[in-house]
Amino acid sequence: MGIVEGDTDVAVGVEARAVPAGEWEREPHPSDSLRTFGAVVQALREHAGLSRVELGTRVRYSKHTVESVELGRRMPDTAFVERAEEALGNTGALRKAARHLTRGEAGLAAWFRRWARLEREAVSLCTYECRLVPGLLQSEAYARAVFEGTIPLRTDEELEAQLAARMDRQAMMRERPIVPFSFIVEEHVFRRRFGDAEAMRKLFDHVLERSAPRNVTLQVVPLEGGLHACLDGPVQVLETPEGQRLGYSEGQENGRLISDPKQVSMLCQRYETLRSQALSPNESRALLERLRGEL
């Protein structure tokens, strides 16, 4: 999938707390990374000549928890990872594998899950879009239309799961009022029609409402803006609480997490250059209000 893994210090999605007696909720949608981590645990346990009961005793978790981790059914917490690492030879394999754990979240594409988790902890997020209204700004009707138009077709249950996941992502903008969210969107994205005039008006209303808070900045690149440095495609850049900057780009059926500092720096330079070429936030809002009035 073209993913470049970053050198994070803690597993994404791994809870930094111990669970006495070691029982967690079963994962409703096991991810590939959970299954892979479990296979590593099992291989190291068998190499050490330990049964699941014996390993459970050493890590202070039940046999059933060890089994669930090995089968990818449960997300291991930090205590399990550390104790299992010590019990199975201190090779470093489990600590390294745990860095890339992600939950299998219903409604999110597999390649997007890790980025979605990073978004929730980011101290800033910048988004450039040239195809669609950014997911964090989409109205429910717009999001539904996007999912209904995808190929292969989704079942009603899958579509509802995707829609729920997208609306849940938007909640973080309301819940994190001091985190800066910056959006730069091409004008033609807002001119592309879907549904009837009322649906379009509701989309504009939703975008204007979501971009109104002081921590949210929306800028539109006007049609007459000409060519610019971000024409390679949509991109997102975030900063983690530790000060690390990461990038994400997405294409047909794949996504790429970018952690190389030079590549991320280049993306940031492109974004900042485009920010200076786009309409100001006030001009952008005025444009959206005008487009809404023309419907």
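Above this note sits the structure.
Reading the values: rules and limits
- Sequence order sets the numbering: in each chain, residues are counted from 1 along the sequence as written.
- Local features are withheld for residues below a pLDDT of 70 in this predicted model, meaning they are given only at 70 or higher, and side-chain atom pairs are given and counted only at 80 or more; totals for whole chains, interfaces and linings count all residues.
- Note that water and hydrogens are dropped before the side-chain values are worked out from all heavy atoms of the structure.
- Only DSSP runs of H or I covering at least 4 residues are called helices, and only runs of E covering at least 2 are called strands; the numbering of each starts at the N terminus.
- Only protein chains enter the accessibility calculation, which uses a 1.4 Å probe. A residue is then buried if its area is under 20% of the maximum for its type, exposed if over 50%, and partly exposed in between.
- Should any heavy atoms of two residues lie within 4.5 Å, those residues are counted as being in contact.
- Calculation of accessible area relied on Shrake-Rupley with a 1.4 Å probe; when residues are assessed, cover is drawn exclusively from the protein chains displayed.
- What makes two strands pair is DSSP finding at least two bridges between them.
- Working rule for helices: expected span equals 1.5 Å times residues minus one.
- Under the pairing criterion, centres of Phe, Tyr and Trp rings, with the six-membered ring standing for Trp, must be within 6.5 Å; the plane angle then separates stacked pairs below 30 degrees from edge-to-face pairs above 60, leaving the rest tilted.
- Just to be clear on terms, a salt bridge is a Lys or Arg side-chain nitrogen sitting within 4 Å of an Asp or Glu carboxyl oxygen.

Asker: An account of the overall build of the protein is needed here, citing residue identities and associated values.
Answerer: The helix and strand tally for the protein stands at 12 helices and 6 strands. Counting the 295 residues in the protein, one finds 47% classified as buried. Intrachain contacts of the protein at a sequence separation of at least 6 include 75% that bridge at least 24 residues. Carbon and sulfur atoms make up 50% of the accessible area of the protein, which amounts to about 15100 Å² in all.

Asker: Give me the pairing of strand β3 (residues 216–221): which residues, what numbers.
Answerer: Among the 6 residues that make up β3, 5 are buried, leaving the element largely enclosed by the rest of the structure. Sheet analysis places strand β2 (residues 181–186) next to β3, joined by 6 bridges and oriented parallel. Paired with serine 182 across the two strands is threonine 217, which belongs to β3.

Asker: Any details on unusual backbone geometry? Residues and values, ideally.
Answerer: In this structure, the amide linkage connecting isoleucine 151 to the following residue, proline 152, adopts the cis form with an omega of 5°. Its place among the elements puts proline 152 in the loop between α7 (140–148) and α8 (156–175). We note that arginine 60 has phi near 65°; this positive angle belongs to a residue other than glycine. As for its position among the elements, arginine 60 is in the loop between α2 (52–59) and α3 (63–70). Positive phi outside glycine occurs at asparagine 90, with the angle close to 50°. Within the secondary structure, asparagine 90 is located in the loop between α4 (78–87) and α5 (93–98). The class of asparagine 90 is partly exposed, set by a relative accessible area of 45%.

Asker: Outline the side chain of serine 124, listing residues and values.
Answerer: In this fold, serine 124 is placed in strand β1 (residues 124–129). Each residue touching serine 124, except ones within four places of it in the same chain, is listed here: Val179, Pro180, Val237, Leu238 and Glu239.

Asker: Tell me about the environment of alanine 197, and please be specific about residues and values.
Answerer: Mapped onto the secondary structure, alanine 197 falls in helix α10 (residues 197–210). On the accessibility criterion, alanine 197 (28% relative accessible area) is partly exposed. Sequence spacing of alanine 197 and leucine 295 is 98 residues, and the spatial spacing of their C-alpha atoms is 5.8 Å.

Asker: I'd like a rundown of α8, residues and numbers included.
Answerer: Two residues of an α-helix separated by three or four positions point the same way, owing to the 3.6 residues in each turn. The terminal C-alpha atoms of α8, which comprises 20 residues, lie 29 Å apart, in line with the 28 Å expected from a rise of 1.5 Å per residue. Every buried residue of α8 is accounted for by Leu159, Gln162, Leu163, Ala165, Arg166, Met167, Arg169, Gln170, Ala171, Met172 and Met173. Lining the buried residues of α8 we find α6 (113–121), β1, α7, β2, α10 and β3.

Asker: Explain the packing of aromatic side chains to me, using residue names and the numbers behind them.
Answerer: This model, assessed by the stated rule, comprises 4 aromatic pairs. The interplanar angle of 20° and the centroid separation of 5.3 Å between the aromatic rings of tryptophan 115 and tyrosine 248 together place this pair among those described as stacked. Residue tryptophan 115 is found in helix α6, and its partner tyrosine 248 is found in strand β5 (residues 245–251); the two are separated by 133 residues along the sequence. Assigned by exposure class, tryptophan 115 and tyrosine 248 land together as buried. Both rings, one in phenylalanine 190 and one in phenylalanine 204, keep their centres 6.3 Å apart while their planes meet at 35°; by these two values the pair is tilted. Of this pair, phenylalanine 190 sits in helix α9 (residues 187–191) while phenylalanine 204 sits in helix α10; the two residues are 14 residues apart in sequence, bridging distant segments of the chain. Both residues of the pair, phenylalanine 190 and phenylalanine 204, belong to the buried class.

Asker: Give a description of the pattern of salt bridges that names residues and reports values.
Answerer: A full pass over the atoms with the stated rule returns 16 salt bridges. Here glutamate 46 makes a salt bridge to arginine 45, at a shortest N to O gap of 4.0 Å. Overall, glutamate 46 belongs to the partly exposed group, its relative accessible area being 48%. For arginine 45, a relative accessible area of 7% gives the class buried. A salt bridge links arginine 290 to glutamate 294, with the nearest nitrogen and oxygen atoms 3.0 Å apart. In this structure arginine 290 comes out as partly exposed when scored by relative accessible area, which is 43%. A network of salt bridges, in which partner residues are shared, links Arg45, Glu46, Arg52, Glu67 and Glu70.

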